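# Breakdown of the fold
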Amino acid sequence: MDTDEEGDNDWDRSLESDMLETEGSSTDRVTSISQRVILHIDLDCFYAQVEMIRNPALRNKPLGIQQKYLIVTCNYVAREHGVNKLMSVTDAVEKCPQLVLVKGEDLTHYREMSYKVTELLMSYCPLVERLGFDENFMDVTEMVERRLKETCISDLSFNGHVYKHESMAVDEENARLAVGSVIAAEMRQAIFSTLGLTGCAGIANNKLLAKLVAGTFKPNQQTTLLPYSTAELMSSLTGLIKVPGIGYKTREKLKALGLVSVRDLQLYSLADLVREFGEVTAKRIQNLACGIDDSPVTPAGPPQSLSDEDSFKKISTLEEVQKKTEELLTSLTERMHKDGRRPHTFRLTIRQYTVTNRWFSRESRQCPIPNHTGLKITCGSSEAVPQLLGLSMKLFHKMLDTREPFHLTLLNVCFSNLQAKSSSKSSIASFFTQKCPTTTQMTSQQQVSMYDFPYFNVPANVDPYVFSQLPADVQRELLTEWRQQKPVLKIPSKHSHKTSSTRDKKSAAKGSQCNNILKYFKPN
Ligand code: DCP
Ligand code: MG
Ligand code: MG
């Protein structure tokens, strides 16, 4: 934490210090943070768009995506009829009787499309961070710097809206964000032309502001926030619930202190906040209320677990359990094989029907995966599934006495404790792979989902995952250095991702003999 911020509870003063760019910044870190250009891209009515791509006949109809009794999202045609996200199906149909409903419980297509978007963005810039299924942050500072060197400021203009401005001329001070807005438009165009999806973008100096400003104009539009409009954007928020990063528990505690609005938190004594939350959290939440957010865009590593599940009305015989579990295991082991890592733990989850608590009564048992089974999974052998089915049934019998009648409504199979094939205790790769991505910011969607290994534009001898786990500033520094040495950062072709990733992992394993971290990351 910056010592010069300590005790600084003045909203205008602290915001000002964040906004000052080169002049007046006391450290390089502050300078580099305030000059970042961050994009936030949020796809429009995501699940509905995926369904409209799958079935174009739905495009011009009001469409609602239904999970149980809720409309989790709806297309913009339905929104014009007064249907909203998270409305009950009953209310939605009342508002719009011609509403077409599509079941959205199976996330497979949404998940696949979601990772395609992230992968596409990563082919332009390695610093991409996912948030949920339909959002990505990008730190495009490097791209902006490069373009600025080649562009004359007088040739620049803002693409899309500028928050609270009808039009805005580009000058020295806002040129970075103007270039960011051009890049954002290019990214949205790339997503549209490659995948057929539209989305909104926010362009700002940090993640919080980029996310907040992105929704100003919807759908399929973008908005740039100039630093001096930060206060206006923050005070437009209707409550602390609108500040990403301030969660439910924190909000409850703040409420107990009498703090409900963003303004309340901005003006509250930092010393009193520190007493309640500790220094780190107190400063962080007060900063967030002021629109200050130093957090880096952190590319996610691979998931910590892969799982698959299905819910149904009723399964009540052992045969049905076996059949359903086998189906789930078949698709899960295939995904695990593609992932390339080896799972060491297996978990089975069931949900029993109960009248009082229909959706939340899950129960799990887990066990280690024997070595011979683990190897079968990684090499893609068909013998893996029967062996796992044996394990599953043992776990199942631990949870349920099958001599009694039972009524299941869900089965979930999960691999966790995933370890890279190339990792050995002594290698630096294993050191990094054990440092799993933080789960604190993960949504439940992310935690239950799987995704393929992300692909970074890093040199062939660098393990993309190890790279992804480095702090953002180290990543940026290495990338700059690699770029200066030789043009190694080719944009991978859409089809070469898997092959190059495998190759990268192998070469990285070779390189891992080396003890010096810099040698490890520098191309030979
Ligand atoms: N979603 C969900 N349950 C929720 C919230 C969201 O299943 N409680 C799913 C459905 C959405 C997707 O996540 O399509 C993305 O959520 P968004 O809030 O970004 O909503 P949309 O993308 O659907 O709409 P918008 O155009 O407003 O971004
Ligand atoms: Mg969205
Ligand atoms: Mg979203």
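Residues numbered from 1 in each chain as written. Chains lettered and ligands numbered in written order. Predicted model: local features only at pLDDT ≥ 70, side-chain atom pairs only at ≥ 80, totals over all residues. Heavy atoms only, no water.

Filter applied, for reference: UniProt positions are given in the numbering used here, feature names are shortened, and annotations may be inferred rather than shown by experiment.
In the annotation of an unreviewed UniProt entry, the entry for the chain reads UmuC domain-containing protein, and the organism field reads Sinocyclocheilus grahami. As its UniProt record puts it under Sequence similarities (unreviewed entry), the chain is described as follows: "Belongs to the DNA polymerase type-Y family."

### Observations concerning the sheet that holds strand 12 (residues 342-352)
The line we're drawing: A pair of strands is treated as paired once DSSP finds two or more bridges between them. For helices the rule is a DSSP run of H or I covering at least 4 residues; for strands it is a run of E covering at least 2, with both sets numbered from the N terminus onward. Under this scheme, a helix contributes an axis fitted over its contacting stretch, all axes are lines through C-alpha atoms, and angles between N-to-C directions fall in the 0 to 180 degree range. Pairs of residues are marked as contacts when any of their non-hydrogen atoms sit within 4.5 Å.
Ordered in space as 11-14-12-13, the four strands form an open sheet in which the pairing is antiparallel. Looking at the sheet topology across the chains shown, the edges are occupied by strand 11 (305-315) and strand 13 (362-368). With strand direction ignored, the average angle separating the axes of adjacent strands in the sheet is 15°. Bridge count between strand 12 and strand 14 (residues 408-419): ten bridges; the pairing is antiparallel. Counterpart to Gln352 in the pairing with strand 14 is Leu408. In this fold helix 16 (residues 371-378) packs onto strand 12 and strand 14, with an angle of close to 95° to the strand it touches most, strand 12.

### Concerning the coordination of the magnesium ion (ligand 2)
Each pair of donors in an ideal octahedron of six around a metal sits at 90 or 180 degrees, and each pair in an ideal tetrahedron of four sits at 109.5 degrees. What counts, and what does not: Nitrogen, oxygen and sulfur within 2.8 Å of a metal are treated as its donors, or within 3.2 Å for sodium, potassium and calcium (Na, K, Ca); water is not counted, so a site can appear incomplete. The rule is simple: four donors are tetrahedral if all their angles sit between 85 and 135 degrees, four are square planar and six octahedral if opposite donors span more than 155 degrees and the others lie between 65 and 115, and anything that fits none of that is irregular. The buried label applies to any residue whose accessible area, calculated with a 1.4 Å probe on protein chains only, is under 20% of its type's maximum; exposed applies above 50%, and partly exposed to all values in between.
Coordination of the magnesium ion (ligand 2) by the protein is provided by Asp42 (OD), Leu43 (O) and Asp134 (OD), with metal-donor distances spanning 2.0 to 2.2 Å. Of note is the magnesium ion (ligand 2), whose six donor atoms meet at the metal with angles of 82 to 170° in an arrangement that counts as octahedral. Counting along the primary sequence, the residues that act as donors to the magnesium ion (ligand 2) give the motif D-L-x90-D. A separation of 3.4 Å is found between the magnesium ion (ligand 2) and the magnesium ion (ligand 3), which are bridged by Asp42. Linking Leu43 in strand 1 (residues 38-43) with Asp134 in the loop between strand 6 (128-131) and strand 7 (135-139), this pair joins segments that are 91 residues apart in sequence. The burial state of Leu43 is the same as that of Asp134; both residues are buried.

### Quick look at the site of ligand 1
The criterion, for reference: Any residue with a heavy atom lying within 4 Å of a molecule or strand is counted as near it. Contacts described as polar in this section are N or O atom pairs within 3.5 Å, which, within protein, must combine one atom able to donate a hydrogen with one able to accept it, while residues neighboring in sequence count only if both atoms come from side chains. Residue-level accessible areas treat just the shown protein chains as cover; the underlying method is Shrake-Rupley with a 1.4 Å probe. Here the nonpolar group is Ala, Val, Leu, Ile, Met, Phe, Trp, Tyr, Cys and Pro; Asp, Glu, Lys and Arg are the charged ones; every other residue, Gly included, is treated as polar.
Of all residues adjacent to ligand 1, which total 15 residues, the nearest are Cys45, Thr73, Tyr76, Lys85 and Lys218. The separation between an oxygen atom of ligand 1 and a polar main-chain atom of Phe46 is 3.0 Å. The side chain of Thr73 places a nitrogen or oxygen atom 2.5 Å from an oxygen atom of ligand 1. Against a free-state accessible area of 560 Å², the protein chains account for coverage of 79% of ligand 1. For the shell around ligand 1, the elements supplying multiple residues, two or more each, are strand 1, helix 3 (46-54), strand 3 (70-74) and helix 4 (76-80). In the shell around ligand 1, the residues fall into seven nonpolar, two polar and six charged.

### As for the pattern of salt bridges
What counts, and what does not: By salt bridge we mean one thing: a side-chain nitrogen of Lys or Arg within 4 Å of a carboxyl oxygen of Asp or Glu.
Within the structure shown, the criterion is met by 18 salt bridges. Each of Asp310, Lys323, Lys324 and Glu327 takes part in one network of salt bridges that share partners.

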